[in-house]
Number of protein chains: 2
Amino acid sequence: MVKNDMTAQNLRSAFGGESQAYQRYIVWGNKAEDEGFPGVALLFRAIAYAEQVHAGNHFKALENIKGGHLVASGGEFGLGKTTENLEGAIAGERFEVEQMYPAYKLVAKDQGEKEAIRSFNYALEAEKIHAKLYEEARESVEQGQDYQVESVSICSICGYTETDGMPDKCPICGAPRDKFKEFTK
Amino acid sequence: MVKNDMTAQNLRSAFGGESQAYQRYIVWGNKAEDEGFPGVALLFRAIAYAEQVHAGNHFKALENIKGGHLVASGGEFGLGKTTENLEGAIAGERFEVEQMYPAYKLVAKDQGEKEAIRSFNYALEAEKIHAKLYEEARESVEQGQDYQVESVSICSICGYTETDGMPDKCPICGAPRDKFKEFTK
Ligand SMILES: [Fe+2]
Ligand SMILES: [Fe+2]
Ligand SMILES: [Fe+2]
Ligand SMILES: [Fe+2]
Ligand SMILES: [Fe+2]
Ligand SMILES: [Fe+2]
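As a convention, each chain's residues are numbered from 1 in the sequence order in which they are written. Both sets of labels track the order of writing: A upward for chains, 1 upward for ligands. The predicted nature of this model means local features are confined to residues of pLDDT at least 70 and side-chain atom pairs, given and counted, to a pLDDT of 80 or more, with totals for whole chains, interfaces and linings taken over all residues. The side-chain quantities take in all heavy atoms of the structure and omit both hydrogens and water.

Caption draft 1: The overall build of chain A, seen in detail. Within chain A, the secondary structure is distributed over 4 helices and 4 strands. Strands here mean DSSP runs of E at least two residues long; helices mean DSSP runs of H or I at least four residues long; both are numbered from the N terminus. Going from N to C terminus, chain A has its helices and strands arranged as α-α-β-α-α-β-β-β. Throughout, radius of gyration means the C-alpha value; the globule benchmark is 2.2 Å times the number of residues raised to the power 0.38. For a compact globule of 185 residues, the expected C-alpha radius of gyration is about 16 Å, and chain A comes in at 16 Å, within 12% of that figure. Whether a residue is buried, partly exposed or exposed follows from its accessible area with a 1.4 Å probe, protein chains only, as a fraction of its type maximum: under 20%, in between, or over 50%, in that order. With 185 residues in all, chain A has 56% of them scored as buried. By definition, residues are in contact when any of their heavy atoms lie within 4.5 Å. Sequence-distant contacts in chain A: of pairs separated by 6 or more residues, those separated by 24 or more amount to 73%. In this charge count, Lys and Arg are treated as positive and Asp and Glu as negative; neither His nor the chain ends contribute. To locate a charge, take NZ of a lysine, CZ of an arginine, CG of an aspartate or CD of a glutamate. The average position of the 21 basic charges and that of the 29 acidic charges among the side chains of chain A differ by 6 Å.

Printed below as a string of structure tokens:
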């Protein structure tokens, strides 16, 4: 539920951005697979699902604002080598962490929009981890090596992301282990 | 590959629209499942995949235009009862069929953008089918009945959608049967 137009607009913009991030990561994941980087492909596909969780949260927060809207969202484009695609992914995650979500959270707090605050905060905290993981992956690929990872676990409530393990309780939202979805190669 | 700014902008807009449609249909599909309409849920989830195919095609046509861009896309919002969600889905598909894709195709033709023409045309032809299927589903749900369907098959090249069957050859793009993905309940 959302009451204020500005927060509704920010939720729509964030929904558009997360929706595009999902599709971009699916395409870039397939490219990584084709280039012989199954670990990077796994990372892209699992994080795509985390973006789906964020998109769904923003969309649900907008449940009471029905009908057609024009949505303006920032997004990274281009399909190149996996190093370039990881560069794009890092740029997108950093924009969300450093600019977009802090700004949207600030406005939501000022407007007392509880559901939006939660939805923006879940995304913000998860994107910090995504930026770090993509940076690690880029480092590996730049040295001609695949990213070393066996599994990636995603919290279906907030998009929290953990490699090679699953917490008993989500450190972002507190959800129990059975709310996690594990991705493998 | 795209050469002209206007077609690039239209591809980005269409990519944004398709990316959002995917996420919307996933959320509305879960809602249909919760309301006891597994046939409608199947339809939403399968068509979501068709929108993923469209998003991927548009994104690949933009492969040479790298970096961050602001993307403006139309989208339907709101999470209500399944009849309302189907209403939103029909409105979105009709907008694409009657307004968006014909306009984008016209510009792409004028600019000689072969890859964009193909990508827009694949989507346009598939959306016509989506609009019709969602209308059928709405009719069932308005009478308190689930949509009667056992499987939905999607062409992974163009998003062509067929209920309870799979063609030998895709009627939109000509792809063989092994390029189809079948969704069941
Ligand atoms: Fe996200
Ligand atoms: Fe992210
Ligand atoms: Fe969580
Ligand atoms: Fe589509
Ligand atoms: Fe469609
Ligand atoms: Fe096809």
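Caption draft 2: Layout of the coordination of the iron ion (ligand 5). Residues and elements named next belong to chain B. Because water is not among the atoms used, a metal site may look incomplete, as its donors are only the N, O and S atoms within 2.8 Å, or 3.2 Å for Na, K and Ca. Taken together, Glu51 (OE), Glu93 (OE), Glu93 (OE), Glu127 (OE) and His130 (ND1) make up the protein donors of the iron ion (ligand 5), found 2.0 to 2.3 Å from the metal. Ordering the donors of the iron ion (ligand 5) by residue number gives the pattern E-x41-E-x33-E-x2-H. Here the iron ion (ligand 5) and the iron ion (ligand 4) are spaced 3.8 Å apart, and both take Glu51 as a donor. Note that Glu51 is positioned in helix H2 (residues 38-61) and His130 in helix H4 (residues 114-142), a separation of 79 residues in sequence. When sorted by exposure, Glu51 lands in the same class as His130, which is buried.

Caption draft 3: Up close: the interface of chain A and chain B. Contacts between the two partners involve 35 residues from chain A, matched on the other side by 35 residues from chain B. Counting each side, the surface lost to burial between chain A and chain B is near 3000 Å², with a carbon and sulfur contribution of 64%. Polar contact is defined as a pair of N or O atoms within 3.5 Å, subject to the rule that within protein one atom must be able to donate a hydrogen and the other to accept it, and that residues adjacent in sequence are counted only when both atoms are side-chain atoms. Inspection of the chain A/chain B interface yields 11 residue pairs in polar contact (both at pLDDT 80 or more). Elements with a contribution of two residues or more to the side of chain A that touches chain B: helix H1 (5-34), helix H2 (38-61) and strand S1 (67-77) of chain A. Under the scheme applied here, ten amino acids are nonpolar (Ala, Val, Leu, Ile, Met, Phe, Trp, Tyr, Cys and Pro), four are charged (Asp, Glu, Lys and Arg), and all others, including Gly, are polar. Of the residues contributing to the side of chain A that touches chain B, the split by class is 14 nonpolar, 14 polar and 7 charged. Using a 1.4 Å probe, buried area is obtained as the accessible area two parts lose upon being combined, added over both of them.

Caption draft 4: Fine view of the relation of the copies chain A and chain B. Between the two copies, chain A and chain B, the superposition gives an RMSD of 0.0 Å; the rotation angle is 180° and the shift along the axis is 0.0 Å. In the structure described here, the two chain copies are related by an operation that fits a two-fold rotation axis. Identified as the residue of chain A closest to the rotation axis by C-alpha distance is Ala72 of chain A, at 2.2 Å. Of the interface residues in chain A, 100% have counterparts in chain B that sit at the interface too, so the contact is made through matching surfaces. To superpose the copies, least squares is applied to the C-alpha atoms of every residue with a pLDDT of at least 70 in both.

Caption draft 5: How the structure looks around the confidence of the model for chain A. For every residue, the predictor assigns a confidence score, pLDDT, that lies between 0 and 100. Confidence in the prediction of chain A, expressed as mean pLDDT, is 98, and 100% of residues score 70 or more. Both scores are given for the predicted complex: the pTM is 0.98, the ipTM 0.98.

Caption draft 6: Region of interest: the pattern of salt bridges. Salt bridges are counted wherever a side-chain nitrogen of Lys or Arg sits within 4 Å of a carboxyl oxygen of Asp or Glu. Tallied over the entire structure, the rule returns 16 salt bridges over all chains. A salt bridge links Asp168 of chain A to Arg177 of chain A, with the nearest nitrogen and oxygen atoms 2.9 Å apart. Of the residues examined, Arg177 of chain A reaches a relative accessible area of 41% and is grouped as partly exposed. For Arg45 of chain B, the salt bridge is made with Glu33 of chain B, and the minimal N-O distance between the two is 2.8 Å. With Arg45 of chain B in helix H2 and Glu33 of chain B in helix H1 (residues 5-34), the pair connects residues that are 12 residues apart, well separated along the chain.

Caption draft 7: Seen up close, helix H4 (residues 114-142) of chain A. Helices are assigned an expected span. That span is 1.5 Å times one less than the residue count. Over its 29 residues, H4 of chain A runs 42 Å from end to end, which matches the ideal 42 Å to within 8%, given 1.5 Å per residue. A positive phi of about 75° marks Gly144 of chain A, the residue just after H4 of chain A.

Caption draft 8: Summary view of the coordination of the iron ion (ligand 2). Residue and element names in this part refer to chain A. Within the protein, Glu51 (OE), Glu93 (OE), Glu93 (OE), Glu127 (OE) and His130 (ND1) serve as the donor atoms for the iron ion (ligand 2), at 2.0 to 2.3 Å. If you list the donors of the iron ion (ligand 2) from N- to C-terminus, the spacing comes out as E-x41-E-x33-E-x2-H. Separating the iron ion (ligand 2) from the iron ion (ligand 1) is a distance of 3.8 Å, and Glu51 supplies a donor atom to each of them. With Glu93 in helix H3 (residues 82-110) and His130 in helix H4, this pair connects stretches of sequence that are 37 residues apart. You'll find Glu93 and His130 in the same group, each marked buried.

Caption draft 9: Spatial organisation of the packing of aromatic side chains. Ring pairs shown here join Phe, Tyr and Trp side chains whose ring centres sit within 6.5 Å, with only the six-membered ring taken for Trp; geometry is labelled stacked below 30 degrees between planes, edge-to-face above 60, and tilted in between. The final tally for this structure, using the stated rule, is 27 aromatic pairs over all chains. Aromatic side chains Tyr49 of chain A and Phe183 of chain A sit 5.6 Å apart centroid to centroid with 45° between the ring planes, which places their arrangement in the tilted category. Note that Tyr49 of chain A is positioned in helix H2 and Phe183 of chain A in strand S4 (residues 180-184), a separation of 134 residues in sequence. Of the two residues, Tyr49 of chain A and Phe183 of chain A, neither departs from the other in class, the shared state being buried. On the numbers, 5.5 Å between centres and 70° between planes, the contact of Phe77 of chain A with Phe15 of chain B is edge-to-face.

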